[in-house]
Amino acid sequence: MSKTTIPTGGITADAINGTLIADDAINSEHYTDGSIDTAHIGDNQVTAAKATGVGGLALVGSSESSSSASAVTFDSVFSSTYRVYRIIGIIAPSQDTWIKFRLRASSSDLNNNQYINLERTSYIDSGESQAQNNYGNHTATYGAFGQADIDSDSDASYVGFDFTVYDPNTDVFARHMINGTYSFRNGGSQKLYVGNFANSATANQNADGIKFETNAGTLSYHSIRVYGIVNSWAS
């Protein structure tokens, strides 16, 4: 006579093998905490979506295009969720120029005469000459970097940048702060530039977004990622 009910005590150790367990039948509630070790995670099984927030960075905005654009805008990327953000990107301009950016609030540019900019660059040219330059303004309608002019060579020239944005939503302090580094080639004597820059404001901008554009021409290519830094000053 067949049995449809077997008491737990009637099942010997290791009696239930893989052939007796239906596919997709075991829920995660039956796993022992910490029981899934590295050997049981297949190669390439942890995707970018599953890794968001791991390692301290959470992707909150991104844009990439090889089509000409007058500007690249990120709205609703800054909030009280994170206090500090990181922006990593590449911009290739359509002509020799430099980069402007403006913070945004409620899908509108913050373009009052409130931006404070300071930029320090160094270069080496094809003749091994080296020099430094300073750029800055205490009241401007935009933030700026690469003011020595980024070469527009479509094959080899662009600006690569890595910025940290502190409290853009001004939840803690009444002013944002931005600092970062960048590098680019200039058309004159094949100059390679490296630069550092800082940006703040003379008033509370309470920003939730940011826009990048060129001082002249357009963006012929761009690839920009905006990340929130996990647990950055969060309560």
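J.: How would you sum up the sheet that holds strand E7 (residues 130-140)? Please name residues and give values.
T.: Strand order in this open sheet of eight strands is E1-E13-E3-E9-E10-E11-E6-E7, and the pairing throughout is antiparallel. Two strands lie at the open edges of the sheet, namely strand E1 (57-65) and E7, each paired on one side alone. Here the average twist between neighbouring strands, direction ignored, is 10°. Inspection of the sheet shows E1 paired to strand E13 (residues 219-229) by eight bridges, in the antiparallel sense. Residue pairing for E13: serine 63 is matched across the bridge by isoleucine 224.

J.: Kindly report on the packing of aromatic side chains, identifying the contributing residues and their values.
T.: This model, assessed by the stated rule, comprises 16 aromatic pairs. Between phenylalanine 145 and phenylalanine 161 the ring centres are 5.3 Å apart and the planes differ by 55°, which places this aromatic pair in the tilted class. On the criterion of sequence distance, the pair formed by phenylalanine 145 in strand E8 (residues 143-150) and phenylalanine 161 in strand E9 (residues 159-166) is long-range, its members being 16 residues apart. The exposure class assigned to phenylalanine 161 is buried, which follows from its relative accessible area of 3%. Between phenylalanine 145 and tyrosine 182, the aromatic rings sit 5.7 Å apart at their centres with planes inclined by 45°, giving tilted as the arrangement. One end of the pair, phenylalanine 145, is in strand E8; the other, tyrosine 182, is in strand E10 (residues 177-186), and 37 residues separate them in sequence. Each member of the pair, phenylalanine 145 as well as tyrosine 182, carries the same accessibility label: buried. Taking NZ or CZ as reference, lysine 100 lies 4.6 Å from the ring centre of tyrosine 142, over its face. For lysine 191, the ring lying beneath its charged end belongs to tyrosine 123, and the centroid distance is 4.4 Å.

J.: So what's going on with the pattern of salt bridges? Residues and values would help.
T.: On inspection of all chains with the given rule, the structure shows eight salt bridges. Here glutamate 64 ties to arginine 225 by a salt bridge, and the two come within 3.3 Å at their closest N and O atoms. On the criterion of sequence distance, the pair formed by glutamate 64 in strand E1 and arginine 225 in strand E13 is long-range, its members being 161 residues apart. Accessibility expressed as a relative area gives 26% for arginine 225, which makes it partly exposed. For the salt bridge of aspartate 109 with lysine 211, the shortest nitrogen-to-oxygen distance reads 2.6 Å. One end of the pair, aspartate 109, is in strand E5 (residues 108-109); the other, lysine 211, is in strand E12 (residues 209-214), and 102 residues separate them in sequence. Note on aspartate 109: relative accessible area 23%, which makes it partly exposed. Counted as one network, the salt bridges with shared partners bring together Asp75, Arg104, Asp109 and Lys211.

J.: So what's going on with unusual backbone geometry? Residues and values would help.
T.: Negative phi is the rule for most residues except glycine; trans is the rule for most peptide bonds. A positive phi is found at serine 107, a non-glycine position, where the angle reads about 65°. Relative to the assigned elements, serine 107 resides in the loop between strand E4 (97-105) and E5. Unusually for a residue other than glycine, threonine 170 sits at a positive phi of about 45°. By secondary structure assignment, the location of threonine 170 is in the loop between E9 and E10. Judged by relative accessible area, which is 13%, threonine 170 ranks as buried.

J.: Give a detailed account of the pairing of E12, specifying residues and quantitative values.
T.: For E12, a buried count of six out of six residues is recorded, marking the element as mostly surrounded by other parts of the structure. What you see with E12 is no split at all: Gly209, Lys211 and Glu213 on one side and Ile210, Phe212 and Thr214 on the other are buried throughout. As judged from the four bridges shared by strand E2 (residues 71-74) and E12, these two strands associate in the antiparallel manner. Residue pairing for E12: threonine 73 is matched across the bridge by lysine 211. Looking at chain direction, E4 and E12 are connected through six bridges and run antiparallel. Among the inter-strand pairings, leucine 103 is bridged to a residue of E12, identified as isoleucine 210.

Basis of the calculations
- Residues numbered from 1 in each chain as written.
- Predicted model: local features only at pLDDT ≥ 70, side-chain atom pairs only at ≥ 80, totals over all residues.
- Heavy atoms only, no water.
- Pairing = 2+ DSSP bridges.
- Helix = DSSP H or I, 4+ residues; strand = E, 2+ residues; numbered from the N terminus.
- Axes fitted to C-alpha atoms, helices over the stretch in contact; angles between N-to-C directions.
- Phe/Tyr/Trp six-rings, centres within 6.5 Å; stacked < 30°, edge-to-face > 60°.
- Buried < 20%, exposed > 50% of the residue type's maximum accessible area, 1.4 Å probe, protein only.
- Lys NZ or Arg CZ within 6 Å of the ring centre and 35° of its normal.
- Salt bridge = Lys/Arg side-chain N within 4 Å of Asp/Glu carboxyl O.

Distances and angles like these do not, on their own, reveal function.
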